[in-house]
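# A structural walkthrough
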Amino acid sequence: MMETVAEPGGQCRLRPFSCEQGLLSRPDGSAAFLQGDTSVLAGLYGPAEAKLSKELPDRAALEVLLRPKVGLPGVLERSREQQLRQTCEAVVLGVLHPRTAITLVLQVLSDAGSLLSCCLNAACMGLLDAGLPLSSLFCGVTCALSPDGTIALDPTARQEQEARAVLTFAIDSRERKVLMATTKGSCSVEEMQQCLVTAQRAADTIFQFYRDSLRRRYSKS
Amino acid sequence: MQGGGGAAMAAAFKTVEPLEYYKRFLKENCRPDGRELGEFQATTVNIGSITTAGGSALVKLGSTTVICGVKAELAAPAADSANKGYIAECSSVDLAQLPAFLIPSTKCRAAIPLFREVSLRTTCPKLNILLEIKSTINIAKTLIDFWWQCLILDHCNFFISSVQLPSVIINEETGLSEVNLKQKTPLIIRKHPVATSFAVFDDTVLIVDPTAEEEDLATGTVTIVTDEESRLCSVHKPGGSLLTRTKLQDCITRAITRHKEVKKLIDKVIKSIMPK
């Protein structure tokens, strides 16, 4: 049970985030990620035996299940699951474990804005906790464009509602390239590029946090 | 070696090593169906094919065919937005076409929020204004019921543009929420979003308008929806290979040029049905 807290300040304007790893006993890897008041719990099972219908001959079959806080998973959850799955597939070295299944279960504990980026961060920490081979790390950053054009990083639910556009990016750790991009609402091309630059800068803070939390965890044992 | 033998060998090679087969074409900067890397398939649009619906459009992009019907009905509004109309959509895939296609149903369902998002932002705001005029008399509501059928799902995001194509006619309410079928006004569409899909191969090559086979072999896909003012309605890149900012910018520029081409096509089609 390792808990680490980060208080990013200065230019980034991210909400304070914290992470706890290895809190569940059944899954092979688990992580709880908190961003402000939004928190997501991730449980990772795998690589385990896959069902014959689902197994792939050359790589691991990754499955993502996203459970909302209330109600049954709907169309929005399916869409998010697909995005998360393809993001994780690009990063997990599935070819090292052919004909296996890796299952990632995400449970939304509370939603106060920037849910998709919190899910991405929790997924990455879960993958690290499970010790799966990854080609790079990734982190999620959400930007909200207010009607007057200012960019708010890691918006709260209120900011997201009032925003003209909400953009979520998954940035990779090696060269800060874009792994996943989703936008909601309309924005100009320059604004999107600006948000992307801001997100890449914010990603530095998050990756430093990953590094610190893992260093703390493995230095004690 | 005879010509027939050559074709059979190519087909066998394609079955055994589809990626290598495809890469050989990419080396020559072209694709198996003869297109350039940045070329779109032939697009055809047909309006008004479904007479029972208020408006309808059939869009064919290569061999992907999508038909969309729009119907406006009077209904009670959602509890939290009493002044607005709402869009209800459902999609069905013709499973009889290709038995292996259980995946499109998840693709379709996953595409629904994307579609709803794009259409809500572009059409509904205007609808709100339309309703407010009525609401001074009494509580007027309108439900727009979208439905579409994806016949062959090569290109699951093109139907976004097909919805904007029909000139939909809604019923005007007079007095006490009565539906007057005789009087019809065209639905005001604020923007015309157009979607463009790209596929990334081996993290380097970017191709436009991938077919189903190309999408299976691709390492990543990107879909960009733009509108007339070159603003982005939506950027959808669900994982896959990494893209730099410049590569993303290239996609956006290509999407903007595509928008102009499609807009010309839409204008031509709408003009052709105007006299009716």
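Remember, predicted model here, so these are calculated numbers, not experimental data. (Residues numbered from 1 in each chain as written. Chains lettered and ligands numbered in written order. Predicted model: local features only at pLDDT ≥ 70, side-chain atom pairs only at ≥ 80, totals over all residues. Heavy atoms only, no water.)

## As for the overall build of chain A
In plain terms, the rule: Note on conventions: DSSP H or I runs of at least 4 residues are helices, E runs of at least 2 residues are strands, and numbering of each starts at the N terminus. The globule rule used here is 2.2 Å times the number of residues to the 0.38 power, and the radius of gyration it is set against is calculated over C-alpha atoms. Burial status follows relative accessibility: with a 1.4 Å probe on protein chains alone, a residue under 20% of its type maximum counts as buried, one over 50% as exposed, and anything between as partly exposed. Residue contacts follow a heavy-atom distance rule, with two residues in contact if any of their heavy atoms lie within 4.5 Å. Only the protein chains shown count as cover for residues, with accessible areas throughout obtained via the Shrake-Rupley method and a probe of 1.4 Å. Only four residue types enter the tally: Lys and Arg on the positive side, Asp and Glu on the negative side; His and the chain ends are excluded. Charged groups are reduced to one reference atom each: NZ for lysine, CZ for arginine, CG for aspartic acid, CD for glutamic acid.
The helix and strand tally for chain A stands at 4 helices and 11 strands. Its C-alpha atoms give chain A a radius of gyration of 17 Å, within 12% of the compact-globule value 17 Å for 221 residues. The C-alpha extent of chain A, read off along each of the three principal axes, is 55 × 40 × 35 Å. Taking all 221 residues of chain A together, the buried fraction comes to 55%. By sequence separation, contacts in chain A at least 24 residues apart represent 64% of the contacts at least 6 residues apart. As presented, chain A carries roughly 9,800 Å² of accessible surface, and 51% of it is formed by carbon and sulfur atoms. Each charge sign in chain A was given a centre, from 24 positive and 24 negative side chains, and these centres are 2 Å apart.

## Let's talk about the interface of chain B and chain A
Rules: Two parts lose some accessible area (1.4 Å probe) when they are put together, and adding that loss for both gives the buried area. What makes a salt bridge here is a side-chain nitrogen of Lys or Arg within 4 Å of a carboxyl oxygen of Asp or Glu, nothing more. Residue polarity is assigned by list, with Asp, Glu, Lys and Arg as charged and Ala, Val, Leu, Ile, Met, Phe, Trp, Tyr, Cys and Pro as nonpolar; anything else, Gly included, falls into the polar class. Only strands that DSSP links by at least two bridges are regarded as paired with each other.
Facing 29 residues of chain B, the contacting portion of chain A comprises 31 residues. Summing both sides of the interface, chain B and chain A together bury roughly 2,600 Å²; the carbon and sulfur share of this comes to 57%. Here chain B and chain A share 0 salt bridges between them. For the side of chain B that touches chain A, the elements supplying multiple residues, two or more each, are α3 (103–122), β11 (231–237) and α7 (245–273) of chain B. Across the side of chain B that touches chain A, the residue classes break down as 12 nonpolar, 9 polar and 8 charged. In terms of strand pairing, strand β11 (residues 187–188) of chain A meets β11(B) through 2 bridges, oriented antiparallel. From the neighbouring strand, A:Cys187 faces β11(B), where its bridge partner is B:Leu232.

## What to know about the confidence of the model for chain A
Defined as follows: Residue-level confidence of the predictor, termed pLDDT, takes values from 0 up to 100.
Per-residue confidence for chain A averages 89 on the pLDDT scale, and 94% of its residues sit at or above 70. The element-level mean pLDDT for chain A is lowest in strand β1 (residues 2–6) of chain A, coming to 55, with strand β6 (residues 100–110) of chain A highest at 95.

## Some points on the state of the cysteines
The criterion, for reference: For the purposes of this analysis, a disulfide is any pair of cysteine sulfur atoms at a distance within 2.5 Å.
A full pass over the atoms with the stated rule returns 0 disulfides over all chains. Free cysteine: A:Cys118, not disulfide-bonded; nearest cysteine sulfur from A:Cys119 at 6.4 Å.

## Thoughts on the pairing of strand β9 (residues 205–208) of chain B
Side-chain positions along a regular strand alternate between the two faces of the sheet. Bridging between strand β8 (residues 194–201) of chain B and β9(B) involves 4 bridges; their strand directions are antiparallel. Bridge pairing links B:Phe201 to B:Val205 in β9(B).

## Thoughts on the UniProt feature "domain: Exoribonuclease phosphorolytic" (unreviewed entry) in chain B
We count it as follows: UniProt positions are given in the numbering used here, feature names are shortened, and annotations may be inferred rather than shown by experiment.
Following the UniProt record, one finds the feature "domain: Exoribonuclease phosphorolytic" (unreviewed entry) at residues 39–84 and 193–256 of chain B. Annotation note: span residues 193–256 of chain B, helix share 28%, strand share 41%, distance between end C-alpha atoms 10 Å.

## Regarding the UniProt feature "domain: Exoribonuclease phosphorolytic" (unreviewed entry) in chain A
Residues and elements named next belong to chain A. This chain's UniProt record puts "domain: Exoribonuclease phosphorolytic" (unreviewed entry) on residues 14–133 and 137–201. Helix makes up 28% of residues 14–133 and strand 35%, with an end-to-end C-alpha separation of 29 Å. Along residues 137–201, the helical share is 29% and the strand share 45%, with 15 Å between the first and last C-alpha atoms.

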